[in-house]
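So you can see what is in the structure, the chains are spelled out below.
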Amino acid sequence: MPLIIKTVVVHGATGQQGGSVVRALAAAGYQVRAAVRDRNADKAHSLAKINGVSLVEVNLTDVNSLVAAYTGADAVYACTVPGPDELSHGKNMAEAAKKAGVGLYIWSALEPVAKLTNGECKVQFYDDKAAVGEYLDAIGVPHVNLFLGGFMENLVNYPHELEYEEQTKTIKLMYGGYKTDLKAPLLRVTKDVGQAVKIIFEHSDDFLTKKKIGLGNLWMTPIEMAQVVQKVTKRETRAVYDPHWLENVPGMADMNKFLIDPRFGMFKSSGMTVPDPLLEHYGFVPASFEEFVTEVLVPFLKL
């Protein structure tokens, strides 16, 4: 009997990923329980104003709190914030889904870098998310692992990734610590994730069979990004590479090694095809980088 999904719990609801999912599902008529730490926070109040959205407070250290949030829900979209508690939080959420009998659990996953590189590279937040995916398998939670590529939004969310020099009318673009000729799988997280999750819920049986879905449909180098920014803004735009930037961010050096080493690479090492053919089959259309530049980067740069 096909799985019918009407009520969904969404973690990270006040952030980029979860917020994208909340908006897409609510617009499609789902009943959405937005999981928040504090229902009195301003961002939570904003969510509660959306038709079809209710707030549910959760404590990720308390499995019973999570079971209460999940009980009666047909599905869960789960994401966690990188940090020392990510693995324990992810396992608690998985256990709660098992106890509550959730029919479909979408886990925002990343690849097991240490395993794929035989220990040459270690990126804790990748490996923790991968371990949660393995735990979901071990305890028998019906789930889909959704692997996200690089966020376009990183250009405005992190310092020094995008800078405008008024005197010279020049824009400097640095995407993470990526080399300027490295192709990165990009997505607009605030739009693409919600669209993809909605498709997965609408065709859950097909996606549960496939289980691993890669999302990051636009393969672009920082040089190509800069060319689009220059085209839209009419300002000279230079892609730059700063290897010292990596030294200040834990795990970034190994993450970049994983990305650029021809033996490894995002999605390739795990045998995933991106764009994902099943998402494309059901009509997934990724946001364009040019649209992102027009709608987000131009206002950010105050041009």
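Whatever comes next refers back to the structure up there.
How each quantity is defined
Residues numbered from 1 in each chain as written. Predicted model: local features only at pLDDT ≥ 70, side-chain atom pairs only at ≥ 80, totals over all residues. Heavy atoms only, no water. Helix = DSSP H or I, 4+ residues; strand = E, 2+ residues; numbered from the N terminus. Rg over C-alpha atoms; globule rule 2.2 N^0.38 Å. Contact = heavy atoms within 4.5 Å. Areas by Shrake-Rupley, 256 points an atom, 1.4 Å probe, with all protein chains shown as cover. Lys, Arg positive; Asp, Glu negative; His and termini not counted. Charge placed at Lys NZ, Arg CZ, Asp CG, Glu CD. Axes fitted to C-alpha atoms, helices over the stretch in contact; angles between N-to-C directions. Parallel < 35°, antiparallel > 145°, perpendicular 65-115°, else oblique. Left-handed = near helix turned anticlockwise from the far one by under 90°. Nonpolar A, V, L, I, M, F, W, Y, C, P; charged D, E, K, R; others polar. Pairing = 2+ DSSP bridges. Buried < 20%, exposed > 50% of the residue type's maximum accessible area, 1.4 Å probe, protein only.

**A few points about the overall build of the protein chain**
Thinking step 1. Secondary structure assignment for the protein chain yields 13 helices and 13 strands.
Thinking step 2. Computed over C-alpha atoms, the radius of gyration of the protein chain comes to 19 Å, within 12% of the 19 Å expected from 2.2 N^0.38 for 303 residues, which places it in the range of a compact globule.
Thinking step 3. Structurally, the protein chain occupies a C-alpha span of about 60 × 45 × 35 Å along its principal axes.
Thinking step 4. If you take every contact in the protein chain between residues at least 6 apart in sequence, the share linking residues at least 24 apart comes to 74%.
Thinking step 5. When the accessible surface of the protein chain is split by element, carbon and sulfur atoms take 52% of a total near 13700 Å².
Thinking step 6. Put simply, the protein chain has 31 plus and 35 minus side-chain charges, and the middle of one group is 2 Å from the middle of the other.

**Some details on the packing of helix 4 (residues 86-100) against helix 6 (residues 124-139)**
Thinking step 1. Running from N to C, helix 4 and helix 6 cross one another at 20°; their axes reach a closest spacing of 9 Å. Taken together, the axes of helix 4 and helix 6 lie roughly parallel to each other. Taken as a pair, helix 4 and helix 6 cross one another with a handedness that is right-handed. Across from Glu 86, Leu 87, Gly 90, Lys 91, Ala 94, Glu 95 and Lys 98 in helix 4, the residues of helix 6 making contact are Phe 125, Asp 128, Lys 129, Ala 131, Val 132, Tyr 135, Leu 136 and Ile 139.
Thinking step 2. A per-class count over the contact of helix 4 with helix 6 returns eight nonpolar, one polar and six charged.

**What to know about the sheet that holds strand 12 (residues 218-220)**
Thinking step 1. Read across the open sheet, the three strands follow the order 7-10-12; overall the sheet is mixed. Lying at the two open borders of the sheet, with one neighbouring strand each, are strand 7 (150-151) and strand 12.
Thinking step 2. The sheet contact formed by strand 7 and strand 10 (residues 184-187) spans two bridges and is parallel. Across the sheet, the residue bridging to Phe 151 is Leu 187, located in strand 10.

**Brief notes about unusual backbone geometry**
Backbone geometry follows two general trends: most residues other than glycine have a negative phi, and most peptide bonds adopt the trans configuration.
Thinking step 1. Looking along the chain, the bond that leaves Val 274 and enters Pro 275 is cis, with omega of 5°.
Thinking step 2. Structurally, the position occupied by Pro 275 is in the loop between helix 11 (252-260) and helix 12 (277-281).
Thinking step 3. Although it is not a glycine, Lys 211 sits at a positive phi angle of roughly 80°.
Thinking step 4. Positionally, Lys 211 belongs in the loop between helix 9 (204-210) and strand 11 (212-215).
Thinking step 5. The exposure class assigned to Lys 211 is partly exposed, which follows from its relative accessible area of 29%.
Thinking step 6. With a phi close to 75°, Phe 267 is a non-glycine residue in the positive phi region.
Thinking step 7. Along the chain, the position of Phe 267 falls in the loop between helix 11 and helix 12.
Thinking step 8. Owing to a relative accessible area of 2%, Phe 267 belongs among the buried residues under this scheme.

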